[in-house]
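Survey of secondary and tertiary structure
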Amino acid sequence: MTSPTVFQYRAGQLHAEDVPLSALAETAGTPFYCYSSGMIEGAYGAVVEALSGLPATVCYALKANSNLAVVRSLAKLGAGADVVSEGEMRVALAAGVPADKIVFAGVGKTREEMASGLRAGILQFNVESLPEMEALSEVAQSLGTQAPTAIRVNPDVDALTHEKISTGRAENKFGIDLAHMPGAVRRAMELPGISLQGLAVHIGSQLTDLAPYGVAFERLAGLYRDLLGQGIPLRRLDFGGGLGISYREETAPDLAAYAALVRQAAADLPAGLIFEPGRFLVGNAGVLITRVLYVKQGAARRFLIVDAAMNDLIRPSMYDAWHRIIPVAAPAPGAGEEPVDIVGPICESADTFAKQRLLPPVTAGELLAICSTGAYGAVMSSTYNSRRLAPEIMVRGKDHAIVRARPDYAALLADAPLPDWLKDDRAPTATRGVA
Ligand code: LLP
């Protein structure tokens, strides 16, 4: 079970915990992301409870939302971190995640990233190819150490999720094929800079059907058992992330049933267990608040043109993702509904959040909440169209805090020096041409 939603109407206004979102819009401007710390903590607690009794470490996958306050909220509860870049590793450390609870994953780590992970003393590197393993060994040797390493296995399991976020089939770029594992393990044992400690798997994201997990976990545990039998001293199994959430009518996977699959596969194994949930911990804990700029009646459609765009939230454009969109001011009872297209200001047809969505009548100036955007929202945003990144606000009970400020316009120009040949007498400034 996920925690109950904390985004609710009270006195006709949508609240995040005890804070009316309209008040935040007045002070922060729109668009902005708002996160509920209570919901993040609730989701983490539910995962930990389901896994209780198992030697489990929950390593939050920062890629879902690497806002420092979000990561800190989880670190304070004891979470570890799954990182895929030096940047994420630095955020995790800055948030107070102990280095020995950090797993460095990803198919293309650079040597610099490997070195910084080794210097920090992280728990393990999940390697995904032989060339990467060779590089990691060299880097570790050059630092006079060994890299604690797990091999990510590609179990060739279809996660039954969206094509673009499925990662566990043989045709995907991730992990080492089961058939190639004997050679990979042999090589890991030979390489002087590698200390082979475990196996890892991650078959995809937004899984709502648990069956593929069962198959993948059994394959991974079977291999682990074989290797132990061969005298390879493994000590950790990493079951990856991927737990889905309910965006619409999907039912989020039952955590107890998920944990039962883990127990079935690994309970008898001498192995510390790692889990890397991202979306499940933060997805439903965030909303993106946007203001309707214009209502445009086209020949065939009615458009709500809002001030958030695909640069702020790319999931609908990129994955045809469906996000619930609701007015911040509760609709009058019996207001009825009409189909509208909710679109951003960017000149691409893909800049569309919803098509033919049934909404109560909405007028220009009103606020909308795009729900379930705590995961893969702000982190996937860009400054396309030279738009500024949306700020992020965290709510806790009656309190709120800006946890990422909206950059000022000077920031758009700050890191873009002109080459000498393009300079004229006047040095470019952020405010040139703006009174
Ligand atoms: N571990 C590994 C190795 C991963 O590749 C991922 C996600 C996770 C853990 C966390 O998965 P989660 O628990 O969040 O499903 N941008 C896409 C999702 C990409 C997921 C990539 N890997 C989206 O917006 O749906």
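What you see is a predicted model; the values in this text were computed from it and never measured.

So, on to the pattern of salt bridges. Tallied over the full model, the rule gives 16 salt bridges. In this structure, the salt-bridge partner of Arg291 is Glu26, at a minimum N-O distance of 3.7 Å. Taken together, the residues Arg291 in strand 14 (residues 286-297) and Glu26 in helix 1 (residues 21-28) connect sequence positions 265 residues apart. Residue classification places Glu26 among the exposed positions, given a relative accessible area of 61%. Between Arg404 and Glu392 there is a salt bridge whose closest N-O contact spans 2.7 Å.

This part takes up the layout of surface pockets. Put simply, the largest pocket is a space of about 770 Å³. What lines the largest pocket is a set of 36 residues, and nearest its centre among them are Lys63, Thr167, Phe174, His202 and Tyr376. Every element with two or more residues in the lining of the largest pocket is listed here: helix 10 (279-282) and helix 11 (315-319). Two domains share the lining of the largest pocket, each providing at least three of its residues, namely domain 1 (7-35 + 283-414) and domain 2 (37-281).

Time to look at the packing of helix 2 (residues 37-50) against helix 9 (residues 255-266). Relative placement of two packed helices is described by the angle separating their axes and the distance separating the axes. Here helix 2 crosses helix 9 at 40°, and the two axes come no closer than 9 Å. Relative to helix 9, the element helix 2 is oriented oblique. Relative to helix 9, helix 2 is oriented so that their crossing is right-handed. Residues Ala46, Val47 and Ala50 of helix 2 lie in contact with helix 9, whose contacting residues are Leu255, Ala259 and Arg263. Among the residues making up the contact of helix 2 with helix 9, the classes are represented as 5 nonpolar, no polar and 1 charged.

This part is about the site of the ligand. Lining the immediate surroundings of the ligand are 18 residues, of which Ser205, Glu276, Arg315, Tyr319 and Tyr376 lie closest. Here an oxygen atom of the ligand and a side-chain polar atom of His202 are 3.5 Å apart. Contact distances for the ligand include 2.8 Å between an oxygen atom and a backbone N or O atom of Arg279. In the complex, the protein chains occlude 91% of the 590 Å² of accessible area that the ligand would expose alone. Here the ligand is seated within the largest pocket. Residues of the shell around the ligand, tallied by class, amount to 6 nonpolar, 6 polar and 6 charged. The residues that make up the shell around the ligand include at least three from each of domain 1 (7-35 + 283-414) and domain 2 (37-281).

Before going further, it helps to examine the side chain of Asn311. Structurally, the position occupied by Asn311 is in the loop between strand 15 (302-306) and helix 11. A distance of 2.7 Å separates polar atoms of two side chains, one belonging to Asn311 and the other to Arg387. Those residues in contact with Asn311, other than ones at most four positions away along the chain, are Ile346, Met380, Ser381, Ser382, Tyr384, Arg387 and Arg388.

So, about helix 7 (residues 181-190). Taken as a whole, helix 7 has its buried residues at Met181, Ala184, Val185 and Ala188. End-on, the buried residues of helix 7 take up no more than an arc of 100°, which puts them together on one face.

Below, the discussion takes up the side chain of Lys109. Locating Lys109 in the fold gives a position in the loop between strand 7 (102-104) and helix 5 (111-120). Since its relative accessible area comes to 10%, Lys109 is described here as buried. Among the polar contacts listed, one links the side chain of Lys109 to the backbone oxygen of Gly106, at a separation of 2.8 Å. Those residues within four positions of Lys109 in sequence are excluded, and the remaining contacts are Phe104, Met114, Phe125, Asn126, Val127 and Glu132.

This brings us to the packing of helix 8 (residues 211-229) against helix 9. In contact at an axis separation of 9 Å, helix 8 and helix 9 are set at 25° when each is read in the N-to-C sense. The orientation of helix 8 relative to helix 9 falls into the category roughly parallel. Two packed elements cross with a definite hand, and for helix 8 against helix 9 that hand is right-handed. From helix 8, Tyr213, Gly214, Phe217, Glu218, Ala221 and Arg225 reach across to helix 9, where they touch Tyr258, Leu261, Val262, Gln264 and Ala265. Tallied by class, the residues present in the contact of helix 8 with helix 9 amount to 7 nonpolar, 2 polar and 2 charged.

What follows is about the environment of Leu243. Looking at where Leu243 falls in the secondary structure, it is placed in the loop between strand 12 (236-238) and helix 9. For Leu243, a relative accessible area of 5% gives the class buried. In sequence terms Leu243 and Glu132 are 111 residues apart; their C-alpha atoms lie 27 Å from each other.

Let us look at the domain arrangement of the protein chain. For interface size, the figure often reported is the accessible area lost on association. Each assigned domain of the protein chain is listed with its residue range as follows: domain 1 (7-35 + 283-414) and domain 2 (37-281). Distance between the C-alpha centres of domain 1 and domain 2: 32 Å. Each partner contributes residues to the interface: domain 1 has 23 residues there, and domain 2 has 23 residues. Run the count over domain 1 and domain 2 and you get 1 salt bridge. Salt-bridge contacts for Arg396 lead to Glu41; the nearest nitrogen and oxygen are separated by 2.8 Å. Where domain 1 touches domain 2, the interface holds 11 residue pairs in polar contact (both at pLDDT 80 or more). Sorting the residues of the side of domain 1 that touches domain 2 by element identifies helix 11, strand 20 (392-396) and strand 21 (399-404) as the ones contributing at least two each.

Parameters at a glance
Residues numbered from 1 in each chain as written. Predicted model: local features only at pLDDT ≥ 70, side-chain atom pairs only at ≥ 80, totals over all residues. Heavy atoms only, no water. Salt bridge = Lys/Arg side-chain N within 4 Å of Asp/Glu carboxyl O. Helix = DSSP H or I, 4+ residues; strand = E, 2+ residues; numbered from the N terminus. Buried < 20%, exposed > 50% of the residue type's maximum accessible area, 1.4 Å probe, protein only. 1 Å grid on protein atoms, 1.4 Å probe; cavity = no way out; pocket = protein on both sides within 12 Å on 5 of 7 lines; lining within 4 Å. Points joined across faces, edges and corners; volume = space filled by probe spheres on them. Domains from an automatic or database assignment. Axes fitted to C-alpha atoms, helices over the stretch in contact; angles between N-to-C directions. Parallel < 35°, antiparallel > 145°, perpendicular 65-115°, else oblique. Left-handed = near helix turned anticlockwise from the far one by under 90°. Contact = heavy atoms within 4.5 Å. Nonpolar A, V, L, I, M, F, W, Y, C, P; charged D, E, K, R; others polar. Near = heavy atom within 4 Å. Polar contact = N/O pair within 3.5 Å; in protein donor to acceptor, adjacent residues only side chain to side chain. Areas by Shrake-Rupley, 256 points an atom, 1.4 Å probe, with all protein chains shown as cover. Sits in = over half its atoms within 2 Å of the grid points. Arc of directions from axis to C-beta.

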